[in-house]
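The chain contents come next:
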Amino acid sequence: MTRQLEQEVRNRAHNRCEYCQLPQAASAIRFPLDHVIARQHRGGSESNNLALCCARCNRFKGPNIAGIDPVAMQMERLYNPRTDVWSEHFQWRGLELAGSTAVGRTTIAVLNINDESTLAVRMQLNREGQLFG
């Protein structure tokens, strides 16, 4: 992967995790680039398959491309930052991210986006003026 491609992905994401919206500036760890469709599923390292992803979301997402919607209890694909519109699948309810669709709910569940430690980070960021919600 070239530096130019990496910078393109970071710029496109405005230096925020494309899943949970955490700003890069809030993390001591440089955000990795996520293969939306993992290489083991034949996803390539092209711009249209790469997303900026905080280390936490990246760890939970892993090679997953689907999960179980916690409401319908059925298999559902995960949010794809390259083909989906974030605001169609997610909405803020205070500091918690809520799924507006099965895709959103499934992504939140698989990536464990609203766990206690993440909510604590969002609360601190809000105190510092980096608003969520």
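As the structure is a computational prediction, the values presented were derived from the model and not from experiment.

Draft legend 1. Quick peek at helix α1 (residues 3-12). Turning to α1, its buried residues are L5, V9 and R10. Buried positions in α1, seen along its axis, are confined to an arc of 135° and lie on one side of it. Of the exposed residues in α1, those oriented more than 90 degrees away from the buried face are R3 and Q4. Close packing links the buried residues of α1 with β1 (33-35) and β2 (50-52). The first or second residue beyond α1 is H14, which carries a positive phi of 55°.

Draft legend 2. Structural detail: the packing of aromatic side chains. Evaluated as defined, the whole model comprises four aromatic pairs. Their ring planes at 75° and their centres at 5.1 Å tell us that Y79 and F90 sit as a pair that is edge-to-face. Of the two residues, Y79 sits in the loop between β4 (75-77) and α3 (86-89) while F90 sits in strand β5 (residues 90-93), which places them 11 residues apart along the sequence. Of the two residues, Y79 and F90, neither departs from the other in class, the shared state being buried. What links up through ring pairs into an aromatic cluster is the set Y19, Y79, W86, F90 and W92.

Rules used in this analysis
- Residues numbered from 1 in each chain as written.
- Predicted model: local features only at pLDDT ≥ 70, side-chain atom pairs only at ≥ 80, totals over all residues.
- Heavy atoms only, no water.
- Buried < 20%, exposed > 50% of the residue type's maximum accessible area, 1.4 Å probe, protein only.
- Helix = DSSP H or I, 4+ residues; strand = E, 2+ residues; numbered from the N terminus.
- Arc of directions from axis to C-beta.
- Contact = heavy atoms within 4.5 Å.
- Phe/Tyr/Trp six-rings, centres within 6.5 Å; stacked < 30°, edge-to-face > 60°.

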